[in-house]
Amino acid sequence: MKYPILCQIMPPDLLKQLLGQVPEEEKNIVLRTIIIDSKMRERRAIMGSMSSMFPLAGEKSICIFDSHNTKDVRSSTKVRCLNDDKADDLSANEAFHGLDVTYNFYENIFGRKSIDNNNMSIKGYVHWGDKYMNAFWDGAKMCYGDGDPNLGIKSFTASIDVMGHELTHGVTQYESGLEYWCDESHHPGALNESISDVFGSLIKQYALNQTAEQADWLIGQIFTDPNLALRNMREPGTARPNDPQPAHMRDYVNLPNDEDHDNGGVHINSSIPNKAFCLAAIDIGGYAWEKAGQIWYKALHGDIPTDCDFHTFAQLTLETSKLLFGNESREHRAVRKGWEAVGIRI
Ligand SMILES: [Zn+2]
């Protein structure tokens, strides 16, 4: 296992925007999330290393716990495990469904057994924190805040792609050494984020039985306004007001590589490989996980440099498409066209 990352689904720029918009008396709720998030990032190495302390399940194992609006996992109570009846709590049932579909997707489509491919037990903690406006996988468990509908943010258990996104960070952590930062000529963090968006979206499409053309390609519909999302893979920059994501390499957002600037814009520039995948999948047609998803999954297992740039990863997906489907096959050409459309010539 490589060094674990801690990704919270709400990008830091959005929490800062929200802080500027909410009424004075509500600012504390947003501020609390920002403070918890920065403390969590400091603790990521400790939390990630805890995963080895959890016993291997041996077979599929999913359990949901209720944290009763605290951050204390020891006082959390078990509410639903595999083969149990539905719980009385909507968040617990949504979280269970999302983790169950994510497990089934990876097993049925890629033959993968849980995050580590060794049936690591998957634990989810709902009602985590007090009106906490985020969700994250810390290397050992998935935690979901309730959000605050008064501030326009729903419970984070409502979006299946959020769970798929977060658990895929675990898969990436086991399969590649992609680091969590970006600069002008290295993009490992944005690739890491994009891989989570790609498989998060595929998991949603799998759950809804949608083809690439039918899919909405939205990530994180966590707002009470159903027209808003965190990211739009098909049309980056249109998911929400002030959406900072570029749709083309010429608009790459170059930011300092520090936590105040999203580690160099890992949640911002991820839209470039996101769009390349989306266009390739639509061009190939059918269910996106059957061909485009296979290409990306196999590429993830390839020889990816820890400081990989977009061009190197694009080349890897092109070679993989040729290997799986043949030279100048429809899939091979679609992958090349997808990358070219976002300004990456391979
Ligand atoms: Zn992420």
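Just so you know, these numbers come straight off a predicted model, no measurement behind them.

A word on the state of the cysteines
For step 1, the next point in the chain: One pass over the structure, following the stated rule, counts one disulfide.
For step 2, the next point in the chain: Sulfur-sulfur distance for the disulfide between Cys63 and Cys81 comes to 1.8 Å. What sets the handedness of the Cys63 and Cys81 disulfide is the S-S torsion sign, and at about 100 degrees it is right-handed. Linking Cys63 in strand β2 (residues 62–66) with Cys81 in strand β3 (residues 77–81), this pair joins segments that are 18 residues apart in sequence. For the pair Cys63 and Cys81, a shared accessibility class is recorded, and that class is buried.
For step 3, the next point in the chain: Just so you know, Cys143 is unpaired, no disulfide at all, and the nearest cysteine sulfur is the one on Cys7, 13 Å from it.

Comments concerning the sheet that holds strand β5 (residues 135–137)
For step 1, the next point in the chain: Taken in spatial order, the six strands of this open sheet run β1-β5-β6-β4-β2-β3, and their pairing is mixed. Each edge of the sheet is formed by a strand with only one pairing partner; in this case those strands are β1 (7–8) and β3.
For step 2, the next point in the chain: The pairing of β2 with strand β4 (residues 122–126) spans five bridges and is parallel. What sits directly across from Ile64, in β4, is Gly124.
For step 3, the next point in the chain: Sheet strands in contact with helix α5 (residues 160–175) are β1, β4, β5 and β6 (142–144), and its direction is about 25 degrees off that of β5.

Concerning the pairing of β4
For step 1, the next point in the chain: Counting buried positions along β4 yields five of five residues, so the element is predominantly enclosed.
For step 2, the next point in the chain: Alternating residues of β4 divide into Ile122, Gly124 and Val126 and Lys123 and Tyr125, and every residue in both groups is buried.
For step 3, the next point in the chain: Here β4 pairs with β6 via two bridges, running parallel. In the strand pairing of β6, Tyr125 is matched with Cys143.

A closer look at the coordination of the zinc ion
Each pair of donors in an ideal octahedron of six around a metal sits at 90 or 180 degrees, and each pair in an ideal tetrahedron of four sits at 109.5 degrees.
For step 1, the next point in the chain: Within the first shell, the zinc ion binds the protein through Cys7 (SG), His165 (NE2), His169 (NE2), Glu193 (OE) and Glu193 (OE), at distances of 2.0 to 2.7 Å.
For step 2, the next point in the chain: Read N to C, the donor residues that coordinate the zinc ion are spaced as C-x157-H-x3-H-x23-E. Highlighted residues: His169 in helix α5 and Glu193 in helix α6 (residues 188–208), separated in sequence by 24 residues.

What counts and what doesn't
Residues numbered from 1 in each chain as written. Predicted model: local features only at pLDDT ≥ 70, side-chain atom pairs only at ≥ 80, totals over all residues. Heavy atoms only, no water. Disulfide = S-S within 2.5 Å. Helix = DSSP H or I, 4+ residues; strand = E, 2+ residues; numbered from the N terminus. Buried < 20%, exposed > 50% of the residue type's maximum accessible area, 1.4 Å probe, protein only. Pairing = 2+ DSSP bridges. Contact = heavy atoms within 4.5 Å. Axes fitted to C-alpha atoms, helices over the stretch in contact; angles between N-to-C directions. Donors = N, O, S within 2.8 Å, 3.2 Å for Na, K, Ca; no water.

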